[in-house]
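Inside the fold
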Amino acid sequence: TGGATSSTDPYARGGNVEVRGGTAALGSGGAVLLSSGRSAQRSSGEVLVRTETSGNDGVSGEISVETGASAVGDSGGITLATGSAMTGAGGDVNLLVGSGDTENGGAVVIKAGESHADSKKGGGVFITSGAGTSAQEGSGGELVMMAGNAEGSSAGDGGRVEIRGGKAVGGRGGDVAVSGGNSYSGDGGALILQGGSSETGTGGDVIVDAGESGTHEESKEGMIRIAPTSASYVRIGRSGSKTVRTDVFGDLTVHGSFVSTNSMVFQDTYAERVHVSQEQDLVIQEETRVPKITGLDSEDASATPTSTLTLDAGQGGSDQWIEIGPWEAEYITIGGKNNNASHGARDQSALLLRQGYDEADKRLQMNRTGAILMQAAASMPILIHTNPTRGTNNTGGDINMLVGSGDTGHGGNMTLTSGDTVDARHRGGFLTLTAGGNNNTVGGRGGVVKVTGGFAGGTTDCDLDYYECGGLNITVAMYEAVLHGCTADADTAASSAFLCGTMEVTAAQRTAVLGGCTQKCLGGAVEVSGGLSSGGVGGAVVVTGGATSSTDPYARGGNVEVRGGTAALGSGGAVLLSSGRSAQRSSGEVLVRTETSGNDGVSGEISVETGASAVGDSGGITLATGSAMTGAGGDVNL
């Protein structure tokens, strides 16, 4: 149903149009299929779901894709997936927030569902890059997390990245495990924690810290453990090209032998340190307790140092892991730098998770401005799932993808685009929006797919006399005339004019109206269009009510309802059903019919009727064929 308006202006009109599958008394409700057209030889059509650009003083509408609440069992899930490719790569999945020039950038929020059941867990969030399943050197895809860049030349900081385990009241806080990949016959994957580099400033720090404790007499701070089980040795202070000095503040306990091939000097001044030569590794059997491990400080060298800290697993062995905070740490912060040395105060810094060293190996990256980019390896999918290990008593978690709100300019856009392909005789990727099903035979109902235009809250400065259509100001009278249908004006055909009712309209004005219009205080529209074809047939728009397989004689297929919006004072919204125009050939047909009945039934009726009138004449019905410039007018057959 189109959105209502409470405006008292007589030119106000209803807005939105909803396409719904039919309801059912016992069986599942009717489905709604939004699908682009298929091409036998070329690419299939695109599916575009978007809100229109707002007016000068408004914001664009939101897009919500959500499943309905479930009374019994799990609620419907949401799958956002690209199609597989036979000879090319699977399409990418991009979650992009629109840019702005005022205030902070819009956020991307991915949150699993809460659970209010006893002894149950909240929903998990699983982000997995694609596997390389080929036996011929198939490689897994990258997983990259990166905060937003700070592109300005002034003192703006890059975006901050935080990965934290969950907080607990009576139990243990959630663990955070970051590890390189295992390998059956090759080397295990490396784990690299690296601060950001700087061209003219100081490189970013790498801070590894355990959790704090409270004031309880049995409380104690968490420990930091490096190589607790499998590492053959730990290398500190040596890179491929140089050896750097290592500072240890506080007590250092070594369980086992400590061997140096060079001098070791212990003094209580910061001017001298413990020196270990590059020919000898430091082996510590149990643990080392220090408040902070850093890269090279500025006082360690006369020139500007490169403050880089590398944590790496040992060479060889069956399992090569680096674990940060495996037992005691309650919070683990990755990324962000300490602001003015105050505890807990963090500035934004970039974060990158990658599977290799090439640009294509970045999997999740966040730059200094807070922007996030996730990308899988070529032909590998990105799966966002609230409950991949579904239990018998758990409800499905929600997935909310929200663009942040603002108070200046248009609202941020959200674009869902399936993958393109340049391979001959293949189609672009599918874009499928499917509500959740319910396989329970006792009253199981299917989820609902809702696509709704944006709410218009404006009540003042509403210019209801004009529409803005493709940069042209179009009067309401011309807008309505074009929607009611136009014919080529025989007297002014040379100037590409049309006659819409009794009003002459230029080709540019008609094209602008049919291309979509906006208006102050206008509720957001829902536009569904078939795909453009450059050399064949344009994509169709198919709206079909849901089928039913029930053998109950009262069960029926789902309805398809198209309604104009209601209005409090002005006219209700119109419903326009019009075929497409051809610039050179015939326009498209409009076919209204009921389907042939089954063996034991009758075909459905067709009713065309106007509503009752409270004041004045009721609406008329006109059945007329168009005029012809060089031929005869069309017949009317009853």
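Refer to the structure printed above.
Figured I'd write up the structure that's included with this text. In this text the structure is predicted, and so the values were computed from the model without any measurement. (Residues numbered from 1 in each chain as written. Predicted model: local features only at pLDDT ≥ 70, side-chain atom pairs only at ≥ 80, totals over all residues. Heavy atoms only, no water.)

Notes on the overall build of the protein
- A count of helices and strands for the protein gives two helices and 11 strands.
- Sequence-ordered secondary structure for the protein, helices as α and strands as β, is β-β-β-β-β-β-β-β-α-β-β-β-α.
- Per-residue burial for the protein yields a buried fraction of 21% across its 638 residues.
- Once local pairs closer than 6 in sequence are excluded, the contacts in the protein between residues at least 24 apart make up 57%.
- Accessible surface, the protein: about 43600 Å² in total, of which carbon and sulfur atoms supply 48%. (Helix = DSSP H or I, 4+ residues; strand = E, 2+ residues; numbered from the N terminus. Buried < 20%, exposed > 50% of the residue type's maximum accessible area, 1.4 Å probe, protein only. Contact = heavy atoms within 4.5 Å. Areas by Shrake-Rupley, 256 points an atom, 1.4 Å probe, with all protein chains shown as cover.)

Here's the deal with helix 2 (residues 507-514)
- Taken together, the buried positions of helix 2 are occupied by Arg510, Ala512 and Val513. Down the axis of helix 2, the smallest arc covering the buried residues is 160 degrees, so these residues share one side.
- Structurally, helix 2 contributes buried residues whose contacts are with strand 7 (466-469), strand 8 (472-475), helix 1 (476-483), strand 10 (497-500) and strand 11 (503-506).
- One or two residues past the end of helix 2 sits Gly516, with phi positive at roughly 110 degrees. (Arc of directions from axis to C-beta.)

Focus on the sheet that holds strand 11
- If you walk across this open sheet you meet the three strands as 9-10-11, and the pairing is antiparallel. Each edge of the sheet is formed by a strand with only one pairing partner; in this case those strands are strand 9 (487-488) and strand 11.
- Here four bridges tie strand 10 to strand 11, and the two strands are oriented antiparallel to one another. Across the sheet, the residue bridging to Leu499 is Glu504, located in strand 11.
- Where helix 1 meets the sheet, it contacts strand 10 and strand 11, and its direction lies at approximately 85 degrees from that of strand 11.
- Packing against the sheet, helix 2 makes contact with strand 10 and strand 11, and its axis sits at approximately 85 degrees to strand 11. (Pairing = 2+ DSSP bridges. Axes fitted to C-alpha atoms, helices over the stretch in contact; angles between N-to-C directions.)

Describing the pairing of strand 10
- Inspection of the sheet shows strand 9 paired to strand 10 by two bridges, in the antiparallel sense. Looking at strand 10, one finds that Thr487 is bridged to Leu499.
- Linking two consecutive strands that pair antiparallel, namely strand 10 and strand 11, is a turn of two residues; a positive phi of about 70 degrees is found at Gly501 within it.

Considerations on helix 1
- If you check which residues of helix 1 are buried, you get Val476, Met478, Tyr479, Ala481 and Val482.
- Contacts from the buried residues of helix 1 go to strand 7, strand 8, strand 10, strand 11 and helix 2.

Describing the state of the cysteines
- Inspection of every chain in the model, using the stated rule, returns three disulfides.
- With its sulfur 1.9 Å from that of its partner, Cys469 forms a disulfide with Cys517. Between Cys469 and Cys517 the disulfide shows an S-S torsion of about 110 degrees. By sign, it is right-handed. Of this pair, Cys469 sits in strand 7 while Cys517 sits in the segment after helix 2, and the two are 48 residues apart along the sequence. Neither Cys469 nor Cys517 differs from the other in exposure class; each is buried.
- Covalently, Cys486 is tied to Cys500 through a disulfide, its sulfur atoms 1.8 Å apart. Between Cys486 and Cys500 the sulfur-sulfur dihedral comes to about 105 degrees; the bridge is accordingly right-handed. Of the two residues, Cys486 sits in the loop between helix 1 and strand 9 while Cys500 sits in strand 10, which places them 14 residues apart along the sequence.
- Since its relative accessible area comes to 23%, Cys486 is described here as partly exposed.
- Relative accessible area serves as the criterion here: at 1%, Cys500 is assigned to the buried category. (Disulfide = S-S within 2.5 Å.)

Side note on the packing of aromatic side chains
- This structure, assessed with the given rule, holds one aromatic pair.
- Residues Tyr467 and Tyr479 carry aromatic rings whose centres are separated by 3.9 Å and whose planes lie at 20 degrees to one another, so their mutual orientation is stacked. Here the residue Tyr467 occupies a position in strand 7, and Tyr479 occupies one in helix 1, the gap between them amounting to 12 residues. Both residues of the pair, Tyr467 and Tyr479, count as buried.
- Between Arg427 and the ring centre of Phe430, over which it is positioned, the NZ or CZ distance is 3.7 Å.
- If you follow Arg510 out to its NZ or CZ, it ends over the ring of Phe498, 4.8 Å from the centre. (Phe/Tyr/Trp six-rings, centres within 6.5 Å; stacked < 30°, edge-to-face > 60°. Lys NZ or Arg CZ within 6 Å of the ring centre and 35° of its normal.)

Brief notes about the nonpolar core
- If you look at the biggest cluster of nonpolar residues, it comprises 23 residues, and the most contacted ones within it are Leu80, Leu95, Val161, Leu364, Met366, Ile384 and Met401.
- Within the second largest apolar cluster, 14 residues are counted, among which are Met478, Ala481, Val513 and Cys517. (Core = buried A, V, L, I, M, F, W, Y, C linked by side-chain atoms within 4.5 Å.)

With respect to unusual backbone geometry
- For Ser119, which is not glycine, the phi torsion reads 60 degrees and is therefore positive.
- Residue placement: Ser119 occurs in the segment before strand 1 (145-148).
- Here Ser119 falls in the exposed class, since its relative accessible area comes to 79%.
- Despite not being glycine, Arg425 has its phi angle at roughly 60 degrees, a positive value.

With respect to the packing of helix 1 against helix 2
- Their axes nearest at 10 Å, the elements helix 1 and helix 2 cross at an angle of 80 degrees. Regarding the angle of helix 1 to helix 2, the classification is roughly perpendicular. Counted together, Met478, Tyr479, Val482 and Leu483 of helix 1 and Gln509, Arg510, Val513 and Leu514 of helix 2 form the full contact between these two elements.
- A breakdown of the residues in the contact of helix 1 with helix 2 according to their chemical character gives six nonpolar, one polar and one charged. (Parallel < 35°, antiparallel > 145°, perpendicular 65-115°, else oblique. Nonpolar A, V, L, I, M, F, W, Y, C, P; charged D, E, K, R; others polar.)

Focus: the environment of Thr8
- The topology assignment puts Thr8 in the segment before strand 1.
- The sequence separation of Thr8 and Ala567 amounts to 559 residues, and the corresponding C-alpha distance is 9.5 Å.

Read these as geometric descriptors, not functional statements.
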